[in-house]
Structure formats: C-alpha cells, structure tokens
Amino acid sequence: MIKRILIANRGEIALRIIRACRELGIEAVAVYSEADAESLHVKLADKAVCIGPPNPKESYLYVPNIISAAEITGCDAVHPGYGFLSENADFADICKKHQLIFIGPEPKIITLMGDKSEARAAMTAAGVPIVPGTAPLESVAQALLEANKIGYPLIIKASGGGGGKGMRIVRNDSDLRSSFEIAKNEARMAFNNDEVYMEKYIEHARHIEFQIIADNYGNAVHLGERDCSIQRRHQKLVEESPSVFLTDELRRKMGDIAVKVVKSVKYTNAGTIEFIMDEHKNFYFMEMNSRIQVEHPVTEMVTSVDLLKEQIMVAGGAKLSIKQSDIRFYGYAIECRICAEDPANHFMPQVGTISNYIPCGGPFVRVDTHVYSGYSIPPHYDSMIAKIIAWGETRKEAIARMRRALAEVRFEGLTVNIAFFEKLLKNEKFLKGDITTNFIAGMGV
Amino acid sequence: MNVNTIKSFIKFIKQSRYNEFSMKDGDVSLKIKFRPREDESETIQGIDNLAAAKDQRAAEATRDKKDGEFCKIITAPIVGRFYSTMTSDKLAPIKKGDAVKKSQTVCMIEAMNIEHEISSPYSGVMEEMLADEGAPVMFGQPLFKIRINN
C-alpha cells in the first residue's frame, strides 16, 4: 500500500492528484519551480519541495532533483500526471531503480507506445485495424514511392511525437517534396528524433478514444469512449462522452478491441487508445497514450469511476475494484478547456494576473482549476488554466448546462478563450453532433 | 580480512554510539564512517522546515539589504541532503570566520546516493551556516552567509 506520493507535475492535474491522495489517506508531496511558489498545488499539498528555476528543463523535467525530492521526503511512489515526464520511459525506470513506484505502466510499455511505428506493428500483430501507412522513411524518394502505392492524401507524422508537432498533410507529389524535410526538422526540434512515417489522411475524420485501466494481475476494463473531434491545430479543446456517432454495437466492438490490445501487450495502469473514424464509421488505431489524460473527467462523470484513485490503487498492487459488467454509462458529459488565449487574436497566449476569479457552480458542473483571485499566470508553462465539465441526462442538457456555467465564470484581468466556446456551443452543426477534426478550421475562427 | 569480518565490524559500529571507526592490521587498514541521518518522522519534520527556510530566506534578503552589498547567500543548486564534510575526508568543514575563496568547495549535497561538491560563487568570510548537518535541502535554500571582501 502506497503511503506518500510525490507529484511530479503542476497546475490543475497536481491538484487532482492531491485530492485523490486525500480521499485515500495518502500523503501528497508537491514539487514546484521558482515560478510556481504561489501555486495552489504548493499550498494544498502536505509538503512541498522547490526543485529548480522556472524553465521546465531545469525543474519539472529535471529528473535528479525530482528523485532527490522524493528521497528526502520519504515518498514511496511518484505520480507523473500528464505532459512533462509522464511518458518518459527512462524516468519510469529511474523511479523503479530508486524503489519508487511509478504510477503508470512499465517502462518497456511506455517505450513501445511512445514509438508510433513500433506501436503500429504491435497493433497489427494484435489484429487491430490500423490506418494504411508506411514504415519509417529514409528519404524523399522512398516517401514518393510509398505515397503512390497508398494514394493521397497522406499525413506525415513523427515517430517519437505527438501534440501535432512534426505533422504535415500532403495532397500530391510536390506537396510531399516540399514538406518532407520540414516535418523531419520539426520532429528533430520537438522530440530529438527526426524519424517520420506516413499514414493515409482520413478526411472528415472523428477522433474517438477509449479509456482503459488494467491491474498487475491481467484484469483490464474499458470505460467507454470520448469524442475529442473538436480540435485546433491537433490540440483538443472540447471533449464529450458518449459520442453521438457511435452505436451501442460499435461501442461494444471498439471497447472489446481496446481491452484486447491492453491484454495483448500486458499493459498496466490507466491509458487511452485513440482511434480515428471515417464518415462510414470505419475505425483505425491511431496511438495509445500511456498516462492519465487531461479529459479524464468526462469519463468520470458518465461512469462514476474515480480514475485517479483507481490508478493509484492498482499501482500500489491492488486488484481493479471494477469488472467490465459493473460499468454503467449514464447521461452525457462535456468538457471545455479554458486557456489563457485570446480567440479574437489568433489564440495568442496571454500572461498576467487574475485580479478576480468567480467560479461557476450549481448542479452537475465540475471545475478543475489551479487558479484563484490574485494568481499570476507564469509565462513558462501551458496556457490551460481550468477545465469546466458539465453533465446532463441528454447531450442537449449537458450543453445547456455548459453554456450556463460559461456565462457565470469570470477570470477578471485576463483574456481567456470563453468567447470561442460560447460561439461553438451555439453552432447548429455542433448541436446536431455533426463534428469532425476539421470543424474549427471550418468555423472561421 | 574477509567480507564477513568487515560486515561484523559494520554491524558492531552501527549498534555502538560511535559514528566513525578506523583500524590497522598489518597492511590492511579499515575505516567505517556513518553519516548522521534522521529517521522517517524527522524527515517530515525536516521538510516542514523547508517552508520555514523559505521564510528565513525572505528575512535574510531584507537583512542583506541592510548589510548593503557586503553579504551574500550561497543557496542550494540541487535538491538533497546537506553535509559539511564528505566521506573521503576531502572536504574540511568550514567554520564561522573561515576565509572562503571563489570556486572553493564549501559543502556537499548528497542526492540519489551521489555526493555533489558545492562550491562558493563568492570570495569572503563565512558568517553563518544556515542549514543543519544531514538536513534535507531544496533548490534555492540558503546554505551559508558569506561576508564579501572589499
């Protein structure tokens, strides 16, 4: 049983982990950079250790100080949250070597899932449909040859990447010629690995992902899907569960595949299997995220399963507390990611102080945020400042609640992207559930 | 001397009230040294002190202003445990009033079972040691106050 957890993260997810620890009677140790000394996770944790200057490379990504902080505070486990070191296999391995439980899958699984080409090979072996694509590409000449075999449009992707970096859509030979090196360079800059491959680009696609969780004894369940099609430059902005596009039969089929994948690679802890779905409801494996995700609350709202607590319990050696037959889906949940960005000015990131924060509330509204009145947004990190999640018996009710919540909440002194959501939640096509990953680009914002 | 003999020496010293032991037997010399290390409950205490250390740092900063530019604080560049000595005897503990040269090793911080030498960014005289022997220190925590030479 875990007694004290070091939280190797900041912001709202650090708070989310502290809350799970409190409910489980586990002590929480926060780490922070000099820019986050006044952050809420520092104030709310049982202990807090400063680990470095504002630059994440010297603090939240600096492994020696994080391990050392766990050692001097007598922690027995580390929760990496999302981003930062959450999908770093070396970090997971170092934790293990220092007798610290890494709350996530085994290092070798992180390595497997982190390498997009290897993950695709593992999925093919497990019999999971994958988007037609290529092996890692050596040269433009090879890329052109492969492209003409599969057919355009294609998307160039980085083997070591995610978050939209290193991705390029190409529609013909000349596109490919001009984009290949750019994509390689972007991949090298972002992930220190310039290996790229290509996949068939699916037009009018939906992003559907399945939440899974598995224990160390071969038990695994899925907790349904999240529709994350509303994206801007491959960054998710709105997530909902369930997806209006899926039938019960399709949900069962995809869920079964997700569980099969988890069992075939002997995956443990929480994870997400991302699928891309075309307009004819054909679905293909995209990638697996070996961590808790930003959008996990929508799943918690429709299943009543506390994913963070379950994640900590299985990492500590407990069996899953739930069986697949126990999981019931009830109602609809929707999440909006509130970012310090100006939608009227190309979503330009904003820094400054929130002079007055007025939270939204009322029935079936959840807010996960680390901000408070007087909090200054440090310029060194992600621009997301809050997640608002609304639940409803129907999708229509969930959306109405979200609109009500967005009209209540105030982050005075700072421009945030709420105006964008207000526009989106009134859009006829969105209300009908007619959404694809290109939706925002088509909205003209 | 075989491994078991050494093991029994270590056990014996651990149980005794001594932290250090050395002997010589013919060509063989043996030296055993234990570091003072707080137990679990004290570790948490140590970390509670980190918050206090931060307040102290703020207080130091105000005091420093009064001292003008004559005093500087050496802060911890890494997270770990603070020691004024090293296992190898390479480092002699510095005391109040000792002269300190720029780049001179002034203490050791143990992190991930590795001893890291910490050097002074300033030349001057050691005024005050601000961390306790064997105590956990976090990034930026004050370790020494140095009076700068004019």
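See the structure shown above.
Along each chain, numbering runs from 1 in the same order as the chain's sequence is written. Each chain gets a letter, beginning with A, and each ligand a number, beginning with 1, in the order they are written. Restriction of local features to residues with pLDDT of at least 70 applies here, the model being predicted, together with a cutoff of 80 or more for giving and counting side-chain atom pairs; totals for whole chains, interfaces and linings are based on all residues. Think of the side-chain values as coming from all heavy atoms in the structure, minus any hydrogens and water.

**Remarks on the overall build of chain A**
Right, on to step 1. A run of DSSP states H or I qualifies as a helix once it reaches four residues; a run of E qualifies as a strand once it reaches two. Both are numbered from the N-terminal end. Secondary structure assignment for chain A yields 15 helices and 22 strands.
Right, on to step 2. For a compact globule the rule gives 2.2 Å times the number of residues to the power 0.38, and the radius of gyration it is set against comes from C-alpha atoms. Relative to the globule expectation of 22 Å for 445 residues, the C-alpha radius of gyration of chain A, 21 Å, shows essentially globular dimensions.
Right, on to step 3. Partly exposed residues are those whose accessible area sits between 20% and 50% of the maximum for their type, while under 20% is buried and over 50% is exposed, using a 1.4 Å probe and protein chains only. Burial analysis of chain A (445 residues in total) assigns 58% to the buried set.
Right, on to step 4. Note on definitions: a residue-residue contact is assigned when non-hydrogen atoms from the two residues lie within 4.5 Å. Taking all contacts inside chain A whose residues are at least 6 apart in sequence as the whole, residues at least 24 apart take part in 66%.
Right, on to step 5. For chain A, the computed accessible surface area is about 17,500 Å², with 51% contributed by carbon and sulfur atoms.
Right, on to step 6. By the counting rule applied here, Lys and Arg register as positive and Asp and Glu as negative, while His and the ends of each chain are not counted. Just so you know, the charge point we use is NZ for Lys, CZ for Arg, CG for Asp and CD for Glu. Put simply, chain A has 53 plus and 56 minus side-chain charges, and the middle of one group is 3 Å from the middle of the other. Residue exposure ignores everything except the shown protein chains as possible cover, and the areas themselves are Shrake-Rupley values with a 1.4 Å probe.

**Brief notes about the overall build of chain B**
Right, on to step 1. Across its full length, chain B holds two helices and 10 strands.
Right, on to step 2. Considering only contacts in chain B between residues 6 or more positions apart, those separated by 24 or more positions represent 62%.
Right, on to step 3. Only carbon and sulfur atoms are counted for the fraction: they give 51% of the accessible area of chain B, which is about 8,900 Å².

**Thoughts on the interface of chain B and chain A**
Right, on to step 1. With 21 residues of chain B at the interface, the matching set in chain A holds 23 residues.
Right, on to step 2. Summed over both partners, buried area is the accessible surface (1.4 Å probe) that two parts give up on being assembled. For the chain B and chain A pair, buried surface summed over both sides reaches about 1,600 Å², with 62% attributable to carbon and sulfur atoms.
Right, on to step 3. A pairing counts as a salt bridge when a side-chain nitrogen of Lys or Arg comes within 4 Å of a carboxyl oxygen of Asp or Glu. Where chain B packs against chain A, one counts zero salt bridges.
Right, on to step 4. Here a polar contact is taken to be a pair of N or O atoms separated by no more than 3.5 Å, where protein atoms must pair a possible hydrogen donor with a possible acceptor and residues adjacent in sequence count only if both atoms sit in side chains. Inspection of the chain B/chain A interface yields three residue pairs in polar contact (both at pLDDT 80 or more).
Right, on to step 5. Where the side of chain B that touches chain A is concerned, the elements lending two or more residues are helix H2 (40-66), strand S4 (80-83), strand S6 (105-111) and strand S9 (136-137) of chain B.
Right, on to step 6. No other element matches H2(B), which puts eight residues into the side of chain B that touches chain A.

**Points about the packing of helix H5 (residues 107-114) of chain A against helix H6 (residues 116-125) of chain A**
All names here are of chain A.
Right, on to step 1. Here H5 crosses H6 at 100 degrees, and the two axes come no closer than 5 Å. In this view, H5 runs roughly perpendicular relative to H6, as classed from their interaxial angle. On H6, the residues touching Leu 112, Met 113 and Gly 114 of H5 are Lys 116, Glu 118, Ala 119, Ala 122 and Met 123. What counts as an axis is a line fitted to C-alpha atoms, over the stretch in contact for a helix, and the angles between N-to-C directions run from 0 to 180 degrees. By the definition adopted for this analysis, an angle is roughly parallel if under 35 degrees, roughly antiparallel if over 145, roughly perpendicular if from 65 to 115, and oblique otherwise.

**Side note on helix H9 (residues 248-264) of chain A**
Residue and element names in this part refer to chain A.
Right, on to step 1. Helix span is expected to be 1.5 Å times the residue number reduced by one. With 17 residues, H9 extends 24 Å between its outermost C-alpha atoms, agreeing within 8% with the 24 Å of an ideal straight helix rising 1.5 Å per residue.
Right, on to step 2. Elements that come into contact with the buried residues of H9 comprise H6, strand S9 (206-214), strand S10 (220-232), strand S12 (269-277) and strand S13 (283-289).
Right, on to step 3. Lys 266 lies just past H9 and shows a positive phi near 55 degrees.

**Brief notes about the pairing of strand S11 (residues 235-241) of chain A**
Looking along a regular strand, one sees side chains alternate from face to face of the sheet.
Residue and element names in this part refer to chain A.
Right, on to step 1. Of all seven residues making up S11, six are buried, and the element is well covered by its neighbours.
Right, on to step 2. We call two strands paired when DSSP finds no fewer than two bridges between them. Looking at chain direction, S10 and S11 are connected through four bridges and run antiparallel. What sits directly across from Gln 231, in S11, is Lys 236.
Right, on to step 3. Linkage of S10 to S11, two consecutive antiparallel strands, is achieved through a turn of two residues, within which Arg 233 is found at a positive phi near 50 degrees.
Right, on to step 4. Sheet topology places S11 next to strand S14 (residues 332-339); four bridges connect them, and they run antiparallel. Note on S14: the bridge partner recorded for Glu 240 is Ile 334.

**A closer look at the sheet that holds S9(B)**
Residues and elements named next belong to chain B.
Right, on to step 1. The four strands are arranged S7-S6-S4-S9 in an open sheet whose pairing can be described as antiparallel. The open sheet terminates on both sides in strands that have one partner only, identified here as strand S7 (114-119) and S9.
Right, on to step 2. The pairing of S4 with S9 spans two bridges and is classified as antiparallel. Its bridge partner lying in S9, Arg 81 is registered against Pro 136.

**Some words on the nonpolar core**
All names here are of chain A.
Right, on to step 1. By nonpolar core we mean a set of buried residues, namely Ala, Val, Leu, Ile, Met, Phe, Trp, Tyr and Cys, connected to one another through side-chain atoms within 4.5 Å. Membership of the largest hydrophobic core comes to 68 residues, with the highest contact counts inside it found for Ile 5, Leu 6 and Phe 91.
Right, on to step 2. Take this core: its biggest share by element is seven residues, from helix H1 (residues 11-24).
Right, on to step 3. The contact partners of Phe 91, leaving out residues within four places of it in the chain, are Ala 8, Val 63, Ile 66, Ile 67, Val 78, Leu 85 and Phe 102.

**Digging into the environment of Glu225(A)**
All names here are of chain A.
Right, on to step 1. Among the structural elements, Glu 225 can be located in strand S10.
Right, on to step 2. The exposure class of Glu 225 is buried, given its relative accessible area of 1%.
Right, on to step 3. Each C-alpha atom of the pair Glu 225 and Met 254 lies 8.9 Å from the other, and the pair is 29 residues apart in sequence.
Right, on to step 4. The contact partners of Glu 225, leaving out residues within four places of it in the chain, are Ile 208, Glu 209, Phe 210, Glu 240, Ser 241, Pro 242, Ser 243, Leu 246 and Arg 251.
Right, on to step 5. In this structure the side chain of Glu 225 is engaged in a polar contact, spanning 2.8 Å, whose partner is the backbone nitrogen of Ser 243.

**A look at the environment of Glu181(A)**
All names here are of chain A.
Right, on to step 1. Take Glu 181: it is sitting in helix H8 (residues 173-191).
Right, on to step 2. Overall, the relative accessible area of 41% leaves Glu 181 in the partly exposed class.
Right, on to step 3. Taking C-alpha positions, Glu 181 is 9.4 Å from Asp 194, a pair spaced 13 residues apart along the chain.

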